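Chain and residue survey
Here's the letter readout for the chains.
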Amino acid sequence: MILNQLGKIVDEEWRKIAVIRSGVALDSYIIMPNHSHGMLIVKQSAELKTVETHLPAGRQGRDASLRNPVCVNSLSNIIRGFKGAVTKRIHQLGYLEFKWQARFYDHIIRTEQDLIRIREYINLNPLKWDIEKNNPENLFED
């Protein structure tokens, strides 16, 4: 993928995740014209015994784990910060119509085979773009 100005912002903000959040590392990722895929390694602290992802419908705003400092590196908080930073920078450039889908898809990788399969999916995703690129709904003009 050759990134346009907006894609470069997404790339910069994704890379910042590991810099500004201790205990979080990046693995494979790809930025596509209309979506992105990325793997994060969230190192578990001694106090945190579970991995929090996004909340089920109806639980937003009522879950104490989002306010708990131990969960500062919860997947929801990481993605919220990433999306917010990207949106702010893109809006500052005048692309006020830019927005993310409200949710994100997550998957906890539990096995080496799963890790290999998902890395391959991410790395091969640009090949799928050749099929999808002519769908006008998939394009965001720069």
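The structure we're discussing is the one just above.
In what follows, the accompanying structure is described. (Residues numbered from 1 in each chain as written. Predicted model: local features only at pLDDT ≥ 70, side-chain atom pairs only at ≥ 80, totals over all residues. Heavy atoms only, no water.)

1. A look at the packing of helix H1 (residues 5–20) against helix H2 (residues 75–92)
Filter applied, for reference: Axes, fitted as lines to C-alpha atoms, cover a helix only where it is in contact. Angles between the N-to-C directions of the axes lie from 0 to 180 degrees. Secondary structure elements follow DSSP: runs of H or I no shorter than four residues count as helices, runs of E no shorter than two count as strands, and numbering proceeds from the N terminus. In this scheme the crossing of two helices becomes right-handed for a clockwise turn of the near helix relative to the far one and left-handed for an anticlockwise turn of less than a right angle. For this analysis, residues touch if any pair of their heavy atoms sits within 4.5 Å.
It is the contact of H1 with H2, at a shortest axis distance of 9 Å, that shows an interaxial angle of 145°. Considering only the axes of H1 and H2, their crossing is right-handed. Residues Leu-6, Ile-9, Val-10, Glu-12, Glu-13, Trp-14, Lys-16 and Ile-17 of H1 pack against Ile-78, Ile-79, Phe-82, Ala-85, Val-86, Arg-89 and Ile-90 of H2.

2. Examining H1
Formally: A helix is expected to span 1.5 Å multiplied by its residue count minus one. Think of it in three bands: residues with accessible area under 20% of the maximum for their type are buried, residues over 50% are exposed, and the middle band is partly exposed, with areas taken using a 1.4 Å probe on protein chains only. We define a polar contact as two N or O atoms separated by no more than 3.5 Å, with the added condition that, inside protein, one atom must be a possible hydrogen donor and the other a possible acceptor, whereas residues neighbouring each other in sequence contribute only through side-chain atom pairs.
For H1, with 16 residues, the first-to-last C-alpha span of 22 Å sits near the 22 Å given by 1.5 Å per residue. Of the residues making up H1, those classed as buried are Leu-6, Gly-7, Ile-9, Val-10, Asp-11, Glu-13, Trp-14 and Ile-17. As for H1, its buried residues are in contact with strand E1 (24–31), strand E2 (36–42) and H2. N-cap assignment for H1: the residue whose side-chain oxygen lies 3.0 Å from the backbone N of Leu-6 is Asn-4.

3. Digging into the environment of Ser-28
Summarising the element assignment, Ser-28 is placed in strand E1. Considering only alpha carbons, one finds Ser-28 and Leu-115, 87 residues apart in sequence, at a separation of 9.8 Å. Look past the residues within four positions of Ser-28 in its chain and what remains in contact with it is Gly-38, Met-39, Arg-119, Ile-122 and Asn-123. Of note is the side chain of Ser-28, whose polar atom sits 3.3 Å from the side chain of Asp-27.

4. So, the pairing of E1
Our working rule: Two strands qualify as a pair provided that DSSP identifies no fewer than 2 bridges between them.
Where E1 and E2 come together, six bridges link them in antiparallel fashion. Bridge pairing in E2 places Tyr-29 opposite Gly-38. Counted between consecutive antiparallel strands, the loop separating E1 from E2 contains four residues.

5. A few points about the pattern of salt bridges
How we decide: We define a salt bridge as a side-chain nitrogen of Lys or Arg found within 4 Å of a carboxyl oxygen belonging to Asp or Glu.
One pass over the full model with this rule turns up six salt bridges. Ionic pairing is found between Glu-13 and Arg-89, a salt bridge with its closest N-O pair at 2.9 Å. Highlighted residues: Glu-13 in helix H1 and Arg-89 in helix H2, separated in sequence by 76 residues. The partner of Asp-27 in a salt bridge is Arg-119, and the shortest N-O contact between them spans 2.7 Å. Taken together, the positions of Asp-27 in strand E1 and Arg-119 in helix H3 (residues 112–132) put the pair 92 residues apart, joining distant regions of the chain. Among the charged side chains, a network of salt bridges with common partners joins Glu-12, Glu-13, Lys-16 and Arg-89.

6. Description of the environment of Glu-13
Judged by relative accessible area, Glu-13 falls into the buried class, the value being 8%. Separated by 73 residues in the primary sequence, Glu-13 and Val-86 have C-alpha atoms spaced 6.4 Å apart. With near-sequence residues (within four places) excluded, Glu-13 lies in contact with Phe-82, Ala-85, Val-86 and Arg-89. Among the polar contacts listed, one links the side chain of Glu-13 to the side chain of Arg-89, at a separation of 2.9 Å.

7. A word on H2
With 18 residues, H2 extends 26 Å from end C-alpha to end C-alpha; this agrees with the ideal 26 Å at 1.5 Å per step. Buried within H2 we find Leu-75, Ser-76, Asn-77, Ile-78, Ile-79, Phe-82, Lys-83, Val-86, Thr-87 and Ile-90. Residues of H2 that are buried make contact with H1, E1 and E2. Just past H2, the residue Gly-94 takes up positive phi, approximately 100°.

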